[in-house]
Amino acid sequence: MRTALILAAGSGSKIWPYGEFRQKCALPVGNVPIVRRLALDLKKLGFERIVAVVGRYKQQVVGALADIEGVEFVEQREPEGTAPAVLTAFPNGFDDDVLVVYGDIVTAEENLRGLIDSFERSGAEAAALVQRLEGERPNDWICAKLSGEKLTGIEGHPRGGSHRLCGVYAFKPSAWRYVLRNPGLVTDVPVGGMPPPEAELAQSIGLMIDEGVEVLAVECREFLVDVDKPWHLLEANARLVDYLSRKLEGDEIAPGAEIHGSAEINGKVVLGRGSRIGPRVVVEGTLIAGENVEITNGAILRGTIMIGDGSRVRDYSLITGHTCVGKRCIVGHGAEMSGVMMDKVYLYHYCEMFGVIGTATDIGAATVCGTLRFDDGETVHTVKGRREIPPVGANAVYIGEFCRTGVNAIIMPGCKIGSYSVVGPGVILYEDLPSRTMILAKQELVRKEWGPERYGW
């Protein structure tokens, strides 16, 4: 198998506030665009030809992949679904075996290799990567029905199920006709189910099974996150940082990097060229820092932390949990952070943030977010009119790209702030803020006469 197909043309509307002005597949996870990380893994696995189907905001995907040898681009002009995307790339059929990967998944190389190896050994016409549902509702996914290592059926948003389809498929050339015969929507749903009108590739798998064609089911060996909604960015970064940490055998200190003698290091450290851990820094856990990173003056890093090139963490700030800090970020005096910071985010002066903060967002002094509700419950989110409770990050905040907050702003658990928006000083934000919107607090003042006659002798 030498040809891989990455599908990266979707609208990404459910990941708001991050997909409105960005191609979802080009959003960063672990400081690398999702689609680029996939392509690099495919190159490691020996794929000589990688075809990327692009569409909405296509240049963002092209820009992420253009320097990788063997990548070519095909444009899908109408976003009709994943089956038409495959036909756009291969209008006359598959010349050879093909691996199809949805461009918005974040996973380990081992999962892709496991599917390829099992498919090539089996002789099956097709194979699908599946993942066991652990704490997630089956009606959030297109699920797989299994009998041992065979896929016996698919069902969209079922009322029960043990595994879901992951968006990674291997096909022999004979499977192409089932892609062509896709009915244009997922008909394999429960009675009363209401599938969206899109030609999902999973239904072509369903057609194959209905006609007795053998489809292999290969279960994930490692983590996999389908980045579909905003909290999946939080989960994907955490899973990836944890995975990279587990792969480390010890410290990796590049030439020119240095650790000050007064720093307290309790864990594994990776430092890129020109990076520096300065006086009074505390590292408890794993730190993976890029090039020219400065961590100094009492900063505390407690957890599994990734920090991108050129970032500054200093002045008794605190980073905890499974956190990914983007490139050229600043985490300044007394600021606290857990979650994801995209590139060039600034946190200053006693901020307290948990969640995902978009590119070039400026968080004003003393901006804080609530993380615990008075009822100790999880926030209900609404995505395209559908109410759901995320299994991860329900009470996190999700701040879009190119945003600002004023001093002393308070963002309540689960709030989402659209891109190009401003939360003014002193605002207490209780609900989602649309993109391109400024919200300001209206202050009522009481004025009285006052002076020395109120005091003294």
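Below, the structure is looked at part by part. Because the structure is predicted, anything quoted here is derived from the model rather than measured.

A short note on the overall build of the protein chain
- Looking only at helices and strands, the protein chain has seven helices and 37 strands in total.
- Looking at the 457 residues of the protein chain, the share that counts as buried comes to 54%.
- Taking contacts inside the protein chain between residues at least 6 apart in sequence as the whole, the part at least 24 apart equals 48%.
- Just so you have it, the protein chain exposes about 20,400 Å², and 49% of that area is on carbon and sulfur atoms.

Overview of unusual backbone geometry
- Omega for the bond connecting Trp16 with Pro17 falls within 30 degrees of zero, at 20°, which places this linkage in the cis form.
- Tracing the chain through its elements places Pro17 in the loop between β1 (3-8) and β2 (28-29).
- Backbone geometry at Asn31 places phi at a positive 65°, although glycine is not the residue there.
- Turning to its location among the elements, Asn31 is positioned in the loop between β2 and β3 (32-33).
- One non-glycine residue, Arg436, lies in positive phi territory at about 55°.
- By the secondary structure assignment, Arg436 is in the loop between β36 (428-429) and β37 (438-439).
- Overall, the relative accessible area of 62% leaves Arg436 in the exposed class.

Regarding the environment of Cys351
- Looking at the secondary structure, you find Cys351 in the loop between β25 (346-347) and β26 (352-357).
- Between the C-alpha atoms of Cys351 and Tyr455, which are 104 residues apart in sequence, the distance is 39 Å.
- Not counting residues within four places of it along the chain, the set of residues in contact with Cys351 comprises Gly334, Ala335, Glu336, Ile363, Gly364, Ala366 and Thr367.

Topic: helix α4 (residues 109-122)
- Its 14 residues place the ends of α4 20 Å apart at the C-alpha level, agreeing with the 20 Å of an ideal helix rising 1.5 Å per residue.
- Buried within α4 are the following residues: Glu109, Glu110, Asn111, Leu112, Gly114, Leu115, Ile116, Ser118 and Phe119.
- Of the residues flanking the end of α4, it is Gly123, one or two places downstream, whose phi is positive at about 80°.

Points about the pattern of salt bridges
- For the structure shown, the criterion picks out 28 salt bridges.
- Residues Arg239 and Glu235 are paired through a salt bridge, measuring 3.4 Å at the closest nitrogen-oxygen approach. With Arg239 and Glu235 both in helix α7 (residues 230-247) and four residues apart, the pair spans about one turn of that helix.
- For Arg239, a relative accessible area of 36% translates into the label partly exposed.
- Since its relative accessible area comes to 11%, Glu235 is described here as buried.
- A cluster of three or more residues bridged by salt bridges with shared partners is formed by Arg137, Asp140, Lys229, Arg386 and Glu388.

Definitions and cut-offs
Residues numbered from 1 in each chain as written. Predicted model: local features only at pLDDT ≥ 70, side-chain atom pairs only at ≥ 80, totals over all residues. Heavy atoms only, no water. Helix = DSSP H or I, 4+ residues; strand = E, 2+ residues; numbered from the N terminus. Buried < 20%, exposed > 50% of the residue type's maximum accessible area, 1.4 Å probe, protein only. Contact = heavy atoms within 4.5 Å. Areas by Shrake-Rupley, 256 points an atom, 1.4 Å probe, with all protein chains shown as cover. Expected span 1.5 Å × (residues − 1). Salt bridge = Lys/Arg side-chain N within 4 Å of Asp/Glu carboxyl O.

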